Structures are given as C-alpha cells and as structure tokens.
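Residues per chain, in single letters:
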Amino acid sequence: MPTEALETTALAARCEDLTRVYRTASGEVRALTGLDAEFTAGHLHAVVGPSGSGKSSLLRLLAGLDRPTDGVLLVEGTRVHDASSRALRRFRRTTVGYLFQRPSDNFMPHLTVREHLDIAGRLSHRPPRIPQEELLSTLGIADRIDHRAAELSGGEQQRAAIAEVLMGGAQIVVADEPTAELDSVSATHVMDTIGALVELGVTFVVATHDRSVMERSDATLVLEHGVRREGPSPPAATLLPARDTRPAGAESWHAEDRGTRWRPPPAGVQLEEQPAALAAANVSKTYVRGDETIHALDGINLTLASGEMVGLVGRSGSGKTTLLNVIAGWERPDVGVVERIDGAGGVPGWDELAVVPQKLGLLEELTVRENVEYPARLTNRLDELRPAIDDLLEGLGIAHLERRYPKETSLGEQQRTAVARAVVLGPRLLLADEPTGHQDAVSADRVMEVFARAASSGTACLIATHNEALVPRLDRALHMSDGHLTDGASAA
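Since this is a predicted model, take the numbers as computed values, not measurements.

Student: Help me get a handle on helix α10 (residues 382-395), residues and values and all.
Tutor: Residues separated by three or four positions in an α-helix point in the same direction, a consequence of the helix having 3.6 residues per turn. In this model, α10 (14 residues) spans 19 Å end to end at C-alpha, consistent with the 20 Å of a helix rising 1.5 Å per residue. Along its length, α10 reaches its greatest deviation from straightness, about 35°, at Ala388. Listing the buried residues of α10 in full gives Leu382, Leu385, Ile389, Leu392 and Leu393. Those residues of α10 hidden inside the fold are in contact with α9 (368-378), α11 (411-423) and α12 (441-456). Looking one or two places after α10, you find Gly397, whose phi comes out positive at around 70°.

Student: Run through a negative patch on the surface, naming residues and quoting values.
Tutor: On the surface, a cluster of negative charge is made up of Asp17, Asp36, Glu38 and Asp70. Mapped onto the elements of the fold, Asp17 is located in strand β1 (residues 11-24). For Asp17, a relative accessible area of 46% corresponds to the partly exposed category.

Student: Explain the sheet that holds strand β3 (residues 44-48) to me, and be specific about the residues and the numbers.
Tutor: Spatially, 6 strands are ordered β6-β7-β8-β3-β9-β10 in an open sheet, and the strand pairing comes out mixed. Edge positions in the open sheet fall to β6 (96-99) and β10 (227-228), since each of these has one partner strand only. As defined by bridge partners, β6 adjoins strand β7 (residues 172-176) across 4 bridges and the pair is classed as parallel. Counted as the bridge partner of Gly97 is Val173 from β7. Contacts between helix α5 (residues 154-167) and the sheet are confined to β6, β7 and β8 (203-207), with β6 contributing the most and set at about 160° to the helix.

Student: Tell me about a positive patch on the surface, and name the residues and values.
Tutor: A cluster of basic side chains, namely Arg67, Arg86, Arg89, Arg90, Arg92 and Arg93, defines a positive patch on the protein surface. Considering the arrangement of structural elements, one finds Arg90 in helix α2 (residues 85-94). Overall, Arg90 belongs to the partly exposed group, its relative accessible area being 43%.

Student: Could you give an account of unusual backbone geometry, naming the residues involved and the relevant values?
Tutor: In the Ramachandran plot, Glu177 falls in the positive-phi region, its phi being about 50° despite a non-glycine side chain. Topologically, Glu177 is positioned in the loop between β7 and α6 (184-199). Here the phi dihedral of Glu434 falls at roughly 50°; this positive angle occurs in a residue that is not glycine. You can call Glu434 buried: its relative accessible area is 7%.

Student: Tell me about the nonpolar core, residues and numbers included.
Tutor: Core analysis: the biggest nonpolar cluster contains 37 residues, and Met309, Leu430 and Phe451 have the highest contact counts within it. Put simply, the parts of the chain that give this core at least two residues each are β15 (353-356), α9, α10, α11, β16 (429-433), α12 and β17 (460-465). Among the elements that line this core, the one with the most residues is α12, at 7 residues. Not counting the four nearest positions on each side in its chain, Phe451 is found in contact with Met309, Val419, Val423, Leu430, Ala432, Pro435, Cys461 and Ile463. Core analysis: the second largest hydrophobic core is formed by 35 residues, Leu44, Met167, Val173 and Ala187 among them.

Student: Describe the sheet that holds strand β11 (residues 276-289), and please don't skip the residues or the numbers.
Tutor: With respect to topology, 3 strands assemble into an open sheet ordered β12-β11-β14, the strand pairing being antiparallel. Two strands lie at the open edges of the sheet, namely β12 (292-305) and β14 (335-340), each paired on one side alone. When the angles between neighbouring strand axes are averaged without regard to direction, this sheet yields 20°. Two elements, β11 and β14, share 5 bridges in a ladder whose sense is antiparallel. Paired with Ala279 across the bridge in β14 is Glu339. The strands touched by helix α8 (residues 320-328) within the sheet are β11, β12 and β14, with β12 carrying the most contacts at an inclination of about 60°.

What counts as what
Residue positions are given per chain, counted from 1 along the sequence in the order it is written. Where local features are concerned, this predicted model is filtered to residues with pLDDT of at least 70; where side-chain atom pairs are given and counted, the filter is 80 or more; whole-chain, interface and lining totals use all residues. To get the side-chain values, all heavy atoms of the structure are used, and hydrogens and water are removed first. Helix and strand labels come from DSSP, where a helix needs a run of H or I of at least four residues and a strand needs a run of E of at least two; each type is numbered from the N terminus. Multiplying 1.5 Å by the helix residue count minus one yields the expected span of that helix. For a residue, the bend is simply the angle between two axes, fitted respectively to the seven-residue segment ending there and the seven-residue segment starting there. Three exposure classes are used, based on accessible area relative to the maximum for each residue type with a 1.4 Å probe and protein chains only: buried under 20%, partly exposed in between, and exposed over 50%. Whether two residues are in contact is decided by their heavy atoms: any pair within 4.5 Å suffices. Put simply, a patch holds well-exposed residues, over 30% relative accessible area, that have no salt bridge, with like charges counted together within 9 Å and Val, Leu, Ile, Met, Phe, Trp or Tyr side chains within 5 Å. For accessible areas, the Shrake-Rupley method is used with a probe of radius 1.4 Å. Any residue's cover is judged against the shown protein chains and nothing else. Criterion for a salt bridge: a side-chain nitrogen of Lys or Arg within 4 Å of a carboxyl oxygen of Asp or Glu. His residues and chain termini do not enter the charge count, which takes Lys and Arg as positive and Asp and Glu as negative. Lys charges are placed at NZ, Arg charges at CZ, Asp charges at CG and Glu charges at CD. We call two strands paired when DSSP finds no fewer than two bridges between them. In this analysis an axis means a line fitted to C-alpha atoms, helices contributing only their contacting stretch, and an angle means the value between N-to-C directions, from 0 to 180 degrees. What we call a nonpolar core is a set of buried Ala, Val, Leu, Ile, Met, Phe, Trp, Tyr and Cys residues that are connected through their side-chain atoms within 4.5 Å.

The structure is reproduced here in structure tokens:
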C-alpha cells in the first residue's frame, strides 16, 4: 500500500525566541540566542553555519536530547520546552530520530542491522510510517541487513541508521552532518535516499557544511554565533585552489608543476635531496569477517620525503585509514615492510610521529589549551613552546575556546584542537585522517595552512581525505581504490 505524504503546509516544528545556555566548569557557553524558526513537514531543511555556530545544539533540542534555557519549542505537537521527563522519553522514542555525526556512533557494535531494526520496532508505540520491506528497498540496504555496523561502509551505515530511527516510528529525522565523513559518491547515495524519503513524507532537519546538501534542501536556516543570520548561505566546506605564490622566475619544488602552493625549500637544499621520512614496500592487509574476505591493502609501495605534503585521496572504504594505521604501528601488515625514518628505536615520541585520527582521542579532563600543551609537557618543552602554542590556537580559530573542555566545543573545534596537538612539537612524520571532514570552508583553510607551515619546517605530512578540493594544496596526490595505490590521480 503506498505511503501517504504529509501535507506540505503543516509545520513539523517551530521555535520562538529559543535560547540555549550551557553552564559548565569553565563558565557559560551561549549556544543559541533568541532563535525564531519554522520547519515544514515533509521537507528537507538544512541548518548551516560555521563550526561552533549552534547547529548541533539546535538539533539536540529538536530531538528532545536537551531542553532550551528559554523560549518556546514545539515539535509535532509536543511542547519540548516544558514537557515532563516522561513525556520527553516517549517523544524521543516515537517522534524524532537523531543521527549522530559519526555514522558508527548510531549502532551497538555486536548487533546486526536486522537486530537494530527489530529492537527499534519493539520499543516503539506506533507503527513505522513506511513498512520495513519498502524502507529497506528505498534505502538500498536489503542485502546488508544481517551485517554488523563495522562490516558496512560509511554510506551504508548512514542509511542503516536512517532505517533504524524510521522503524521506531519517527516522524522527523534530525541528522548532524550526515555526509561529513563520506566521499562524494557515498554522500550522493545518502542524499538520494533522503530525497526519496522526503517524497514519502518524512521530515529531515540536517546540519551541514556540504554545498550539495544545501542545494538539495527545501529550506535553509543560517546560524552564526547562535543567532539566525538572514542572507545567503556561508561558503561550502570546500577550498579554492591555492594561489601560486612563487616569486617571479622561481623554480618549483617538483619536476611537474601541479599549481600547488609554493613553499621555499630549506636554505640551499632542493626537495630531491630531502631525506625520506617514510618508506613502505609491498604492504598488504586482509581482514576476514564471517565468510567475507576484505583486501584492505594490496601491495602498497609508498615513499614520503621530509617536508612533503602528500594526500591519500579516495572513497570511503578504499583503505586510507588502514594504511595510516599500519604506518602508525597501530596495526600489523600481513605482508611487507614499513620503515619510519624517525631517528629512534622503540615507541616513537610526539616529536617523531603524530597522528590526527578520525576519533581524535582528546583527553576529556583537559581543556582545549591543555590538550594542545600535552605533548610539550611530556617533553618538558612547555615554556619554550608557549608562543608557538599561542600562534597555533589563534591560527586555527580556537584561542577563544582555550579554557573550555572538549565536550563544551563542537566536533569541528575538537578536530582543530587535535590538529594543533599533533603539530605542536614539529614531528618528523604527521598522519592525518580526514582532518577537514567537519570543517566549514574558512576553518578547513586554517587547517591546511597549519599543515603547510609544518611541512615548510620539515614535517612529512600524509593526509587521508575524500575531499578533492584539498588536492591543489598538496605536493602530491595519491589515489586509493580497493586497497590499491596509484600516483597522480584524484578521487571519483
């Protein structure tokens, strides 16, 4: 039986003079101030703005995960601002589905997709608006229903998470940057799915930096410092090609001029004479999951010179993270050798190898500044490096957050904190996994500028990304696909 769409004139949610203030150990954080907004049922709404603008706070309020400090919030007839705890629990279970920023955070790792859907259906007090068979067909994951989340790609995880909340009877889906960690092809699949569900009457409210999401939305709400901003949307989370800043007549570092940002080589030394910081030979890595064999890395050969900034560009699931983990020593290759020229044996220190992982690994009990200072404290160099730390915090746009704890900042701000911590000692080798995935355009540019400065000081930087817009900022781009590595190509 076909699913009836909601009336397009109906309101799914309405905010009046909405304010959210967080009182924390570090002081007061005003996330939203006097916000007025309406969200039409059966539409796709984009909530956009720079990192830290209040997008995630608004989504948490809409989902009933937080209460507003002041103002009125009505969602599908529920007065969220003054509802009882019992009413809010019922609201969260039956009315709004919330999707976390990281796809894997939406699942319990030991359960299959089918088991997640069964639990969601049992806990709900209303039938799903779309029957399960029709829903799985629309989402394109019917053949993945007996897999666990770790066995799915990022795009499949997002679509399975959408299925889970809709099977719980949700009328509205609130999604926090659902394409941030996905390559362009996977992101398109997710957005096609969302579009199909909107046609069936589901309401989506999506926080995003992604221009393609903004272009496909029915309405856009722009936030800046917790206040609604009228006018055009902010820049998308892509970078303009870097200017060629070579002096007239200067030679490029490379035999091939790729139009990258020019940085002067160390005095009297050409790039070709720079020592190798990393050498990987014939590296392979295979995982066995049930009856499925995954060739994550297949005969990888890679060299990286000191002062070089190289990108691993490829789709989600292409092997980028596995390669970084093997290089970092976090995983062992099945075959092959990885040699880091870090000048010391044993476990490398922060000044030899630094990593910006996707899950960041910030210490929650330390402030933003203390997290950045941590490697300097371990090496008794804090007094020496305080001016450099000040410059890093300022350059990455997080100086005003230095006394806050990570949980008091946005994911994009946490990501920039992890970048600052990684480069603070000027490591010989820096590995960064999707370091601009949760950044707006200005913040992404700040991150790449920090990497460029680190490289100009001799750090070898290996950056995994699915964002082709970063390629003009790199010295080399290596393409990864199905565990294979090729030189000079870009992602599909």
